[in-house]
Amino acid sequence: MSLPFSHHADQHLGSTTKQILSLLEAKLPVPTGFIVSPQTFDAFIKHNFLETKIHHLIERCNFTDLSDVKRVSTSIQQLILSSEIPQEVANELLSFVAHLNGSVMLTASPLFPSQSQEELKHTQRLFGISGEANILIALRHMWASLFSSELLYFFHLRCNDSFPSMSVCIQHFPKLQISGTLVTTDAGAGKHICRVEAVFGAGALIGHLQGSDTYVVNKQTDTEEKAALHPQLIEYHIKDGEPIIDHIAENIQERRKLSAGQIKKISLLAKNLQHHLFFPQEAVWIADQNDVYLISTAAISHAPIQQVEAQEKTSQKPLLHGTAISPGIITGKIRHVHTRQESLLVRPGEIAIAASFSSIDKDAYKHLRGLIIEHDIPEHDGIAQATRHGVTTLIAATDASTILKEGAFVTIHSPSGNVYAGGAPAQSRMSPVSSQPIIRSVTKVGVQLSLTQISSNTPVINGHMYCTGNEIIKKFGVHPLKLLHEHKERLLHKTLLQPLEKILKQTTDTSLLYRFADLTTHEYRTLLGGSDFETMREENPALGYHGSVRLLDIPDLMHAELEVIEELRRRPYGKRLSLVFPSLRTAYEVERWHTVLAAHHIERSASLRFVADISLPSCMGQLEEIVGYGVDALFLNLDTFATFFFGADHFETLRYEEPDIVAPLCKALMHVLTQCHDLGIQLILTGKLALNEDCLQLAVSHGVNEIIVPVSALAQIRERLVSLEAERIQAHV
């Protein structure tokens, strides 16, 4: 029931297992190993009499209640984890493990008998498992993952009464020194170029590429064309599936990650991947002293446009226009999506239309061909999922659900942002997209920068660049108090300093609006060491102990941030820095902020503006007092305000386009705008709701000072602001 890679049987093994075997057949450098077959899983279930128990739990599950699905999922997983593996099965497994030498990695490959494997691919991996007992425990964790709440619901929708099964790949886990990612074809630089990111340690395996080097490699010559080298302060190791963080000695922090020989091997890997799989790939690799190994790979584009039958001739006139946020030219049938559950029902090859990214489940991106968003502002997570899975995506496609009927056969042409009936028009018939001049409006426009956008060219704006400490700390992945406890706070200091310094150095006249990190207790708990310092459990952490009240009560949490601000202020470009006091609840907290900052020689002045975040409803009656304690501007995130105002767990759970939601928000916004006018203070507005047509018109008509938007929405909002301001002027003529 366990099969060596070299003697695998031709049977139903799961899509991930089949991919690994396919890569081996192509002689790609995949670590050696063996397959734990689905029959092994079935024997385990029968040996412990679990099938009846699991069926009983599933039959009683209320699949319309997410909390009940999670309860059933937890119960089934506990059954599996507490059951024993038959002795003969365990002996056979361990005899295969003995030939792998050292630690192993496990890859889950679920089987869904009634559906295509590409549609239902769901992979989990555990790395660095050693010791016979730990390997058997890890195998049970793999089997238990088959009954996660997401897969349980997905299986309920798709596979009727079929009992799920799984194959598991167990492979040798090399003693890696470097890990990284490889994009086999760089769309911006040409098909002969691949892009490589590399870090010391195992960071790439868990998505931590902090301090990575980026290499642009020519696949034709196997040589490096250019490289961006960055200092790396920490590295991750993995032991028994858990990441361990280590400080990198100062004498090697600046060291180059890849040698010319390793670059040549990775270039060869890119060529072989492209030859074997055809479509551009995003791969994860690791390297030891001598070799480079391929860990996983996923397509980042979809199949070429299917030929359209003669009766479905293409119209050269576009049906509608949007803004492309991921590349591609794809053809498929339209499917309207209103909820996350509906997005899971979209068939492979169909193009989904949704009002917002919040209607698309993260698992749906795995089988979507194309995605059209009507009037939503792109979320970073939505963009990341669409890009990773190669989903050609348009946003701001107004009235798409009205214009494009269910079942219609259309083509998304991302170079132009157009949607055409039938197949795509010939490229020669397309007009090139001309570069538009920057449109400036009276209302200032700022942009919210993510860490990935900091490394690119900073957009030309007349408002602020907005950056939060939350994203930096989450990517760093370690609880600040853990570092303080271990006397490693300088690590966090450098991690915070680098992106802020880079933003300020890239520009000469744009101010940076920095918001202190205000993670919730739940978010802090997910960081490395978080469980040791976050003992409080909150059913709804967003409504609990976070924001300014938490930071001011535990100033050690922002110790590194305060030192970074103090250091930046001593530099010439630090004069363009402004600070946001996050999530204020009372006016008195502003006075406390002044005291804490003054202790670090950070004081309000003409060159350092203090901005008060008034997004919590408790601030609405305290605006005069907040301003009186000494701030230069007010900051209002309408999404945050709506979440607390309506008592929601999360903004995405609100139907924020309905009049019953928008009308009260417009009333609150009117109150704030009027107060700001009376107090003579600026208001900075942000959030998806700030770009709602009703809210936007109200804000512009009452003279809001600035609106902060994602980079991808910059051009769209500029045009709309100019239009609204022109209407406002015309109304007074």
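Residues numbered from 1 in each chain as written. Predicted model: local features only at pLDDT ≥ 70, side-chain atom pairs only at ≥ 80, totals over all residues. Heavy atoms only, no water.

Draft legend 1. Representation of the overall build of the chain in the model. On a plain count of helices and strands, the chain comes out with 25 helices and 29 strands. By residue count, 54% of the 733 residues in the chain fall in the buried class. Nonlocal contacts in the chain, meaning residues at least 24 apart in sequence, comprise 66% of its contacts between residues at least 6 apart. Of the roughly 32,400 Å² that the chain leaves accessible, carbon and sulfur atoms contribute 52%. (Helix = DSSP H or I, 4+ residues; strand = E, 2+ residues; numbered from the N terminus. Buried < 20%, exposed > 50% of the residue type's maximum accessible area, 1.4 Å probe, protein only. Contact = heavy atoms within 4.5 Å. Areas by Shrake-Rupley, 256 points an atom, 1.4 Å probe, with all protein chains shown as cover.)

Draft legend 2. Region of the structure containing the packing of aromatic side chains. If you walk through the whole model with that rule in mind, you get 10 aromatic pairs. Measuring from centroid to centroid gives 5.1 Å for Phe-34 and Phe-96, while their planes differ by 25°, and the two rings are stacked. In this pair, Phe-34 is assigned in strand β2 (residues 33–36) and Phe-96 in helix α5 (residues 87–97), connecting sequence segments 62 residues apart. For the pair Phe-641 and Phe-645, a centre-to-centre distance of 5.3 Å together with 20° between the ring planes defines the contact as stacked. Taken together, the residues span about one helical turn, with Phe-641 and Phe-645 both in helix α22 (residues 638–645) at a distance of four residues. On the accessibility criterion, Phe-641 (3% relative accessible area) is buried. What links up through ring pairs into an aromatic cluster is the set Tyr-514, Phe-516, Phe-581, Trp-593 and Phe-610. (Phe/Tyr/Trp six-rings, centres within 6.5 Å; stacked < 30°, edge-to-face > 60°.)

Draft legend 3. Looking closely at the sheet that holds strand β26 (residues 609–613). Here eight strands make up a closed barrel; going around it, the order is β22-β23-β24-β25-β26-β27-β28-β29 and the pairing parallel. Going across the sheet, the axis of each strand differs from the next one's by a mean of 30°, ignoring polarity. Where strand β28 (residues 682–686) and strand β29 (residues 706–710) come together, three bridges link them in parallel fashion. Directly across from Thr-686, in β29, lies its bridge partner Ile-708. (Pairing = 2+ DSSP bridges. Axes fitted to C-alpha atoms, helices over the stretch in contact; angles between N-to-C directions.)

Draft legend 4. Layout of the layout of surface pockets. Roughly 350 Å³ of internal volume is contained in the second largest pocket. Considering the residues around the second largest pocket, the lining is formed by 20 residues, among which Lys-444, Asn-462, Gly-463, His-464 and Ser-511 are closest to the centre. Among the elements that take part in the lining of the second largest pocket, β28 stands out by supplying three residues, more than any other. Considering only residue class, the lining of the second largest pocket consists of five nonpolar, 10 polar and five charged. (1 Å grid on protein atoms, 1.4 Å probe; cavity = no way out; pocket = protein on both sides within 12 Å on 5 of 7 lines; lining within 4 Å. Points joined across faces, edges and corners; volume = space filled by probe spheres on them. Nonpolar A, V, L, I, M, F, W, Y, C, P; charged D, E, K, R; others polar.)

Draft legend 5. Structural view of the side chain of Ser-167. Summarising the element assignment, Ser-167 is placed in strand β5 (residues 165–172). For Ser-167, the side chain forms a polar contact with the side chain of Thr-17, separated by 2.9 Å. Among residues more than four places away in sequence, those in contact with Ser-167 are Leu-13, Gly-14, Thr-17, Ile-35, Val-36, Ser-37, Pro-38, Thr-107, Ala-108, Ser-109 and Leu-111. (Polar contact = N/O pair within 3.5 Å; in protein donor to acceptor, adjacent residues only side chain to side chain.)

Draft legend 6. The pattern of salt bridges, seen in detail. Considering all chains together, one arrives at 17 salt bridges under this definition. Residues Asp-222 and Lys-271 are paired through a salt bridge, measuring 3.1 Å at the closest nitrogen-oxygen approach. With Asp-222 in the loop between β8 (213–218) and β9 (223–228) and Lys-271 in helix α8 (residues 260–277), this pair connects stretches of sequence that are 49 residues apart. For Lys-271, a relative accessible area of 29% translates into the label partly exposed. Between Arg-571 and Glu-567 there is a salt bridge, with its nearest N and O atoms 2.4 Å apart. Its relative accessible area of 23% is what places Arg-571 among the partly exposed residues. (Salt bridge = Lys/Arg side-chain N within 4 Å of Asp/Glu carboxyl O.)

Draft legend 7. Molecular detail of the confidence of the model for the chain. In the predicted model, the chain carries a mean pLDDT of 81, and the fraction of residues at 70 or more is 83%. Confidence drops under a pLDDT of 50 for residues 114–121, and excluding neighbours within four residues, the segment shows 23 contacts in the predicted structure. Below a pLDDT of 50 lies the segment residues 424–440, which in the model reaches 25 contacts outside its immediate sequence neighbourhood of four places, other chains included. (pLDDT = per-residue confidence, 0-100.)

Draft legend 8. Spatial organisation of the packing of helix α13 (residues 469–476) against helix α15 (residues 489–506). Contact pair α13 / α15: the axes reach a minimum separation of 10 Å and the direction vectors enclose 130°. If you check the angle between α13 and α15, you find them oblique. Along this stretch, α13 crosses α15, giving a crossing that reads as right-handed. Contacts between α13 and α15 involve Ile-472, Ile-473 and Phe-476 from the former and Leu-491, Leu-492, Thr-495, Leu-496 and Pro-499 from the latter. (Parallel < 35°, antiparallel > 145°, perpendicular 65-115°, else oblique. Left-handed = near helix turned anticlockwise from the far one by under 90°.)

Draft legend 9. Representation of the sheet that holds strand β12 (residues 281–287) within the structure. An order of β9-β8-β7-β6-β12-β13 is seen for the six strands of this open sheet, with the pairing classed as antiparallel. The sheet is open, and its two edges are formed by β9 and β13 (292–299), each paired on a single side. Recorded for the sheet is a direction-independent mean angle of 20° between the axes of neighbouring strands. Bridging between strand β6 (residues 178–183) and β12 involves six bridges; their strand directions are antiparallel. Across the sheet, the residue bridging to Val-183 is Glu-282, located in β12. Most of the contacts of α8 go to β13, to which it runs at about 40°, and overall it touches β6, β7 (193–200), β8, β9, β12 and β13.

Draft legend 10. Inspection of the environment of Thr-214 at higher detail. Locating Thr-214 in the fold gives a position in strand β8. Residue Thr-214 is classed as partly exposed on the basis of its relative accessible area, which comes to 21%. Separated by 15 residues in sequence, Thr-214 and Val-199 place their C-alpha atoms 9.3 Å apart. Every residue in contact with Thr-214, bar those within four places of it in the chain, is listed here: Arg-195, Val-196, Glu-197, Lys-226, Ala-227 and Ala-228.

Draft legend 11. Just the nonpolar core, in detail. With 94 residues, the main nonpolar core has Phe-516, Leu-579, Leu-634 and Leu-669 as its most contacted residues. For this core, the element with the most residues is helix α23 (residues 659–679), which contributes nine residues. Apart from the residues within four sequence positions on either side, Phe-516 is in contact with Leu-551, Met-558, Glu-561, Leu-562, Ile-565, Leu-579, Val-580, Pro-582, Trp-593 and Leu-597. The next biggest cluster of nonpolar side chains, apart from the first, holds 56 residues, and it includes Val-36, Ala-90, Leu-93 and Leu-368. (Core = buried A, V, L, I, M, F, W, Y, C linked by side-chain atoms within 4.5 Å.)

Draft legend 12. Structural view of the environment of Ala-138. With respect to the helices and strands, Ala-138 occurs in helix α6 (residues 132–145). Remark: the alpha-carbon pair of Ala-138 and Asp-240, spanning 102 residues in sequence, is separated by 8.6 Å.

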